[in-house]
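Listed here are the chains, written in short residue letters.
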Amino acid sequence: MTPSDRSSAPLTGNSTLGGQQPRKHYGITSSISLAFPREIDHIYTQKLTEAMKPFGVFEGEDELNHRLAVLGKLNSFVKEWIAEISESKNLPTSAVVNVGGKIFTFGSYRLGVHTKGADIDALCVAPRHVERTDFFSSFFEKLKRLDEIKDLRAVEDAFVPVIKFKFDGIEIDLLFARLALQSIPDNLDLRGDSLLRNLDIRCIRSLNGCRVTDEILYLVPNKENFRLTLRAIKLWAKRFLGGVSWAMLVARTCQLYPNAVAATLVHKFFLVFSKWEWPNPVLLKQPEDSNLNLPVWDPRVNPSDRYHLMPIITPAYPQQNSTYNVSTSTRTIMSEEFKNGLTVTDEILQGKADWSKLFEPPNFFQKYKHYIVLTASASTEENHLEWIGLVESKIRVLVGNLERNEYITLAHVNPQSFPGSKENHNENEFVSMWFIGISFKKLDNSDCVNIDLTYDIQSFTDTVYRQASNINMLKDGMTIEATHVKKKQLHQYLPPELVQRKKKVKKKRCSLDGSQLDSSRDTDIGTPFSSPTPVSKPCQPASTPEDR
């Protein structure tokens, strides 16, 4: 899925006819370098590819074909369902035959950078007479009757409503959009802004993933180089939960070095973003106003946009900041990581290290002296899956609360969740844990200061419980606990291989806070619903150089 075709990205500036010279620039500024790759660059790129193979980032031909077959079946299934719905709504036979319908993909699969076993983000596009309620009723019921479908569940009240399922072993998240068209042809292009006219906001949100993904691919000079570079950056940042932001940062690097191959682009990625002067936004194209009166990212008009710390702007209308919820801590951590990445890739391209060094696992549980353990419990597996999804989406609220504490300089979430140990919980409970590394401010005096985190944590748990109550998710047995622990206590929660200090500790790349790097929305409304939460109060020595 990595064609080496040169994409028809829009180019700005003068060009020489006949293709003798590359055009002036891609994106909103001139390129930094138009240099073509040397033989050594191709060699380093081949080594980069080999270094990534053990991590399962490339699917084999059989797996790729299986995905194509599943998507083909799903597409036929959607057409069949839309024809049935059209017939039931008394459309004439001639219209039913041509009504169409189509499955589009987006995200990592559409970009061509999905890994082995990854899920597929997809969108069902239907004509105007098919309602969203039809999708979540008759289509859902039709899916239920298919033998190949497993783990079927609908999340109709999500910010972006979705049906999730496994189709012949492949996980699929399927969104729905109804266009103001009589029929949906197979050659439909979703990039046109006029398609958004007269659509409800949920359809616009559902279309956004496809439109952004397609626009990114359209705006890069060379898709093959973009894809290989993005695979490397995603692997480097494998503990991140976000995706589209990385794609846009890599795409911008490709625009600035349009003729470079992946090894060079990975190095330039770290060079560009270790020196980037945030909060200057990363833009792949000049934002356009399509006069559809949809809210777009624009700090000149929206005062709240002026406070975004690391704006990375999606290229499709309505333009949004994919990192609007990045915190001060996340920006600090990422700035450090970009610099570390530059140091490592410098060494690699000087022949002093191998690519494997860039992909070394993080050292999160050795990095800090203090941690908060966040525990989410539920009494059944189904309730637990729902509960941890909500808790995970709100962890950024806790990070924000901690950052506002005058004694805390950094709150670093490890977005990977861990199963709770049976020793600390009932056997019949389903438990997940997250860990937040904390750095406390160095104080001038040598006294021990009691820092009370009760309010910071209590307001977070109130937010989660309130949200769960508002959407009727809250059930008996759903609880959250947040406890302060020191590094030496982590062995009570985690397996020894994660917390034991390695004999030879080198400065390694820390895990990045992925929950801050993908767009999600807070939908808190209603009255507070609170629950008591146990909180320890850390006693912080005045000067603790190991904290940072």
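Residues numbered from 1 in each chain as written. Predicted model: local features only at pLDDT ≥ 70, side-chain atom pairs only at ≥ 80, totals over all residues. Heavy atoms only, no water.

The name that an unreviewed UniProt entry assigns to the chain is Poly(A) polymerase, with the source organism given as Cyprinus carpio. Here the chain is described in UniProt, under the heading Function (unreviewed entry), as follows: "Polymerase that creates the 3'-poly(A) tail of mRNA's." (UniProt positions renumbered as here; feature names shortened; annotations may be inferred.)

Draft legend 1. View of the confidence of the model for the chain. Per-chain confidence: the chain averages 84 in pLDDT, with 84% of residues scoring 70 or above. For the chain, the element scoring lowest by mean pLDDT is strand β13 (residues 539–540), at 36; helix α9 (residues 262–274) scores highest, at 98. Ignoring residues within four places in sequence, the model shows residues 1–23, a span with pLDDT below 50, making 44 contacts including any to other chains. (pLDDT = per-residue confidence, 0-100. Helix = DSSP H or I, 4+ residues; strand = E, 2+ residues; numbered from the N terminus. Contact = heavy atoms within 4.5 Å.)

Draft legend 2. Region of the structure containing the pattern of salt bridges. Counted under the stated rule, the structure contains 21 salt bridges. Between Lys53 and Glu50 there is a salt bridge; the shortest N-O distance is 3.0 Å. On the basis of relative accessibility, which here comes to 39%, the residue Glu50 falls in the partly exposed class. One salt bridge connects Glu84 with Lys142, and the closest N-O pair in it is separated by 3.1 Å. Of the two residues, Glu84 is situated in helix α2 (residues 61–88) and Lys142 in helix α5 (residues 132–144); the sequence distance between them amounts to 58 residues. On the accessibility criterion, Glu84 (39% relative accessible area) is partly exposed. One salt-bridge network, in which partners are shared between bridges, spans Arg191, Glu215, Lys285 and Glu288. (Salt bridge = Lys/Arg side-chain N within 4 Å of Asp/Glu carboxyl O. Buried < 20%, exposed > 50% of the residue type's maximum accessible area, 1.4 Å probe, protein only.)

Draft legend 3. Molecular detail of the pairing of strand β5 (residues 149–155). Bridge count for β5 against strand β6 (residues 162–167) is five bridges, and the pairing is antiparallel. Looking across to β6, one finds that Arg153 is bridged to Lys164. (Pairing = 2+ DSSP bridges.)

Draft legend 4. Summary view of the packing of helix α7 (residues 223–236) against α9. The contact between α7 and α9 brings their axes to 9 Å, and the two run at 50 degrees. The angle between α7 and α9 places the two elements in the oblique class. For the element pair α7 and α9, the recorded crossing hand is right-handed. Residue-level contacts link Asn225, Leu228, Thr229, Ala232, Ile233 and Trp236 of α7 to Ala262, Leu265, Val266, Phe269 and Phe270 of α9. Taken together, the residues that form the contact of α7 with α9 break down as nine nonpolar, two polar and no charged. (Axes fitted to C-alpha atoms, helices over the stretch in contact; angles between N-to-C directions. Parallel < 35°, antiparallel > 145°, perpendicular 65-115°, else oblique. Left-handed = near helix turned anticlockwise from the far one by under 90°. Nonpolar A, V, L, I, M, F, W, Y, C, P; charged D, E, K, R; others polar.)

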